[in-house]
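Close look at the chain arrangement
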Amino acid sequence: MADSNITSEILKTIDILEVLEALLDNAPNSEIENILQEAWIKVSETFPDDFKEATREDAGAEGLRRYIRVKAFFENPAQNPISSEELEAYYRNRAPVDEDSAEFFFPE
């Protein structure tokens, strides 16, 4: 039962992050965007450490929801089915970054 309450709280927090993401997409200037980014970070820091670690590669609201669905699937596949596309997306986002392609974003 406690796990259910934690998941419920996480889902409510993800709803907040989803709204913040939408606001970020429509921020009228960089100052407001920076404030919204700080708010997003502060809200996401409220997650339990194990959840933050498990979702660090895909920490947007969609990725966080996907993680919860995949976790529920592995706990009880019969009651919590997911699509193969969703499982593929989960593993694709968990794959290590290709260092050659990352060089473009992080030149030495």
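The following refers to the structure shown. In this text, all values refer to a predicted model and were calculated from it rather than measured experimentally.

Attention shifts here to the overall build of the protein chain. Across its full length, the protein chain carries six helices and zero strands. Traced from its N-terminal end to its C-terminal end, the protein chain shows the element sequence α-α-α-α-α-α. When contacts within the protein chain are restricted to residue pairs at least 6 apart in sequence, long-range pairs at least 24 apart make up 47% of them.

A full pass over the atoms with the stated rule returns eight salt bridges. Arg-65 is paired through a salt bridge with Glu-18; the nearest N and O atoms lie 3.0 Å apart. With Arg-65 in helix α4 (residues 61-75) and Glu-18 in helix α1 (residues 2-25), the pair connects residues that are 47 residues apart, well separated along the chain. Overall, Glu-18 belongs to the partly exposed group, its relative accessible area being 36%. Residue Arg-66 is joined to Glu-62 by a salt bridge in which the shortest nitrogen-to-oxygen separation is 2.9 Å. Here Arg-66 pairs with Glu-62, and both are found in helix α4, just four residues apart, close to one helical turn. Several salt bridges converge on common partners, so that one network encompasses Asp-15, Glu-18 and Arg-65.

Attention now goes to the nonpolar core. By size, the foremost hydrophobic cluster in this structure holds 18 residues, and its most contacted members are Ile-10, Ile-14, Leu-17, Phe-47, Phe-51 and Leu-64. Elements represented by at least two residues in this core include exactly α1, α2 (30-44), α3 (49-54) and α4. Sorting elements by how many residues they give to this core places α4 first, with six residues.

What counts and how
Residue numbers restart at each chain and count upward from 1, following the sequence in its written direction. Where local features are concerned, this predicted model is filtered to residues with pLDDT of at least 70; where side-chain atom pairs are given and counted, the filter is 80 or more; whole-chain, interface and lining totals use all residues. Excluded from the side-chain calculations are hydrogens and water; all other atoms, namely the structure's heavy atoms, are used. By definition, any uninterrupted DSSP run of H or I lasting at least four residues is a helix, any uninterrupted run of E lasting at least two residues is a strand, and each is numbered from the N terminus. The criterion used for residue contact is that any of the two residues' heavy atoms lie within 4.5 Å. Criterion for a salt bridge: a side-chain nitrogen of Lys or Arg within 4 Å of a carboxyl oxygen of Asp or Glu. Only protein chains enter the calculation, and the probe is 1.4 Å; a residue is then buried if its accessible area is under 20% of its type maximum, exposed if over 50%, and partly exposed in between. The criterion is simple. A nonpolar core is a set of buried Ala, Val, Leu, Ile, Met, Phe, Trp, Tyr and Cys residues joined through side-chain atoms within 4.5 Å.

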